[in-house]
Amino acid sequence: NEGTKDGYAKEIKDDLPEGLEYLPTNAINTAFRWKMYKQDGTETTEVKEASYIKTDYLAKINDIDNKNLLKAFDPETMTMPDYRDLKIAFKVTEPNTSDRILINKAQVSNDSDKDGKDIIDIDSTPDKWIDNEDDQDIEKVKVKYFDLALRKWVTQAIVIDNGKETVTETGHKPEDDPEEVVKVEIKEGRLNKVVVKFRYSIRVYNEGEIAGYAKEVKDYIPEGLKFVQADNPQWTQLEDGSIVTDQLKDTLLQPGEYADVEVLLTWINGKNNFGLKTNVAEISKDYNDSNTPDIDSTPNNNKPGEDDIDDAPVILTI
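Basis of the calculations
Residues numbered from 1 in each chain as written. Predicted model: local features only at pLDDT ≥ 70, side-chain atom pairs only at ≥ 80, totals over all residues. Heavy atoms only, no water. Core = buried A, V, L, I, M, F, W, Y, C linked by side-chain atoms within 4.5 Å. Buried < 20%, exposed > 50% of the residue type's maximum accessible area, 1.4 Å probe, protein only. Contact = heavy atoms within 4.5 Å. Phe/Tyr/Trp six-rings, centres within 6.5 Å; stacked < 30°, edge-to-face > 60°. Helix = DSSP H or I, 4+ residues; strand = E, 2+ residues; numbered from the N terminus. Pairing = 2+ DSSP bridges. Axes fitted to C-alpha atoms, helices over the stretch in contact; angles between N-to-C directions. Patch = residues over 30% accessible without salt bridge, like charges linked within 9 Å, V, L, I, M, F, W, Y side chains within 5 Å. Areas by Shrake-Rupley, 256 points an atom, 1.4 Å probe, with all protein chains shown as cover. Salt bridge = Lys/Arg side-chain N within 4 Å of Asp/Glu carboxyl O. Polar contact = N/O pair within 3.5 Å; in protein donor to acceptor, adjacent residues only side chain to side chain.

Draft legend 1. Summary view of the nonpolar core. Membership of the largest hydrophobic core comes to 35 residues, with the highest contact counts inside it found for Val196, Phe198, Tyr200, Ile202, Val204, Trp235 and Trp267. Apart from residues no more than four positions distant in its own chain, Ile202 is found in contact with Leu150, Arg151, Lys152, Trp153, Val217, Asp219, Trp235, Ala259, Asp260, Val261, Val263 and Ala281. Within the second largest apolar cluster, 10 residues are counted, among which are Ala9, Phe32, Trp34 and Ile53.

Put into structure tokens, the structure is as follows:
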């Protein structure tokens with residue numbers, strides 16, 4: 001109440017924009033006496049028919065001990081105008097793929113003096129939306145999306161022969177798409193004596209608008225390569241042969257940030273174990289504080305084409 005007379009906000013009106021669904025049975029909405037109305041002003045109990053909602057929660061007829069009466073502003077005794085608060089609960093139904101900004105409007109739709117009689121506001125017209133009047137306001141809502149992505153690439157080919165280790169840097173980068181196949185040649189006479197290892201890097205990106213975690217990363221070891229626990233102390237092998245790591249479980253990735261993990265796999269020596277070996281990794285568990293699902297991927301579904309899964313190829317020849 002910014003005026004010089006006591007009064008009541010007899011009725012408050014709030015519109016129902018597309019993308020926000022009113023919840024008629026929500027405890028907040030029933031407590032604050034909100035009711036739904038069609039565009040023509042008739043009351044309805046059907047959410048799909050409703051165009052706006054109104055409440056008389058602050059009206060004199062509901063007043064007990066003058067708790068709703070808004071006192072006139074006295075600059076000599078008051079540091080701010082007298083006020084009362086209302087609450088509304090909505091469910092957001094706007095798709096998380098939307099870039100649209102939802103605008104929710106509220107206004108005083110009826111007012112009265114301290115005796116409950118109609119009164120004229122000095123600078124506003126109740127129940128009529130007129131830009132720049134002070135008995136109305138808007139609030140904006142934008143739906144943010146959650147999106148973690150993963151890239152995998154080979155960083156090193158390691159050959160150990162007769163105690164001598166030769167490390168070949170591939171020069172590959174996570175943005176290579178597709179990346180070149182890393183090739184290793186084995187001399188036939190050294191078939192059962194040489195040790196060949198491949199070092200992979202796995203990068204998790206936050207490409208969304210919500211901070212979150214890659215709680216677990218899974219790696220599907222291709223036939224012909226094996227997992228050596230001593231080489232990968234932060235990885236665990238599961239019964240199905242895949243391996244998982246929770247190295248990033250406490251690493252909060254803000255939008256635009258990324259984090260890396262590594263895995264080292266070993267070739268299984270054998271005269272019939274040559275050719276292409278494609279190693280695949282994916283995000284198997286993710287999390288964000290709002291429990292928003294990833295916009296374009298499902299963790300742990302091993303589905304090619306999603307952006308939380310990627311592969312890295314190597315080839316061995318004799």
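Draft legend 2. Local environment of the packing of aromatic side chains. Here the structure, examined in full by the defined rule, presents 5 aromatic pairs. Taking the centre distance of 5.7 Å and the plane angle of 50 degrees together, the rings of Tyr205 and Tyr258 count as tilted. Of this pair, Tyr205 sits in strand 12 (residues 195-206) while Tyr258 sits in strand 17 (residues 258-267); the two residues are 53 residues apart in sequence, bridging distant segments of the chain. Tyr205 gets classed as buried once you look at its relative accessible area, which sits at 18%. With centroids separated by 6.2 Å and ring planes inclined at 35 degrees, the aromatic side chains of Tyr213 and Tyr287 adopt a geometry described as tilted. With a gap of 74 residues between them, Tyr213 in strand 13 (residues 213-220) and Tyr287 in strand 18 (residues 275-287) connect regions that are remote in the sequence.

Draft legend 3. Geometry of the sheet that holds strand 15 (residues 236-237). Reading across from one edge, 11-19-18-13-16-15 is the order of the 6 strands in this open sheet, with mixed pairing throughout. At either end of the open sheet lies a strand with only one pairing partner, and these are strand 11 (182-185) and strand 15. Strand direction decides the pairing type here: strand 13 and strand 18, joined by 7 bridges, are antiparallel. Looking at the pairing, Val217 lines up with Ile283 of strand 18.

Draft legend 4. Seen up close, the sheet that holds strand 9 (residues 148-161). Reading across the sheet, the 5 strands line up as 10-9-12-17-14 and stay open at both edges, with antiparallel pairing between neighbours. The sheet is open, and its two edges are formed by strand 10 (164-169) and strand 14 (225-227), each paired on a single side. Sheet twist, expressed as the mean angle between neighbouring strand axes with direction ignored, is 35 degrees. By the bridge criterion, 6 bridges tie strand 9 to strand 10 in an arrangement that is antiparallel. Counterpart to Val159 in the pairing with strand 10 is Thr166.

Draft legend 5. Examining a nonpolar patch on the surface more closely. Taken together, the side chains of Ile101, Ile103 and Ile138 define a hydrophobic patch exposed on the protein surface, amounting to about 220 Å² of accessible area. You can see Ile101 is positioned in strand 7 (residues 101-113). Given a relative accessible area of 46%, Ile101 falls into the partly exposed group.

Draft legend 6. Main features of the environment of Pro304. Its location among the elements puts Pro304 in the loop between strand 18 and strand 19 (309-317). Distance from Pro304 to Glu282, taken between C-alpha atoms, is 9.6 Å for residues 22 residues apart in sequence.

Draft legend 7. Representation of the side chain of Ser284. Mapped onto the elements of the fold, Ser284 is located in strand 18. What makes Ser284 buried here is its relative accessible area of 6%. For Ser284, the side chain forms a polar contact with the side chain of Glu216, separated by 2.7 Å. Ignoring any residue separated from it by four or fewer positions in sequence, one finds Ser284 in contact with Glu216, Val217, Lys218, Pro299 and Asn300.

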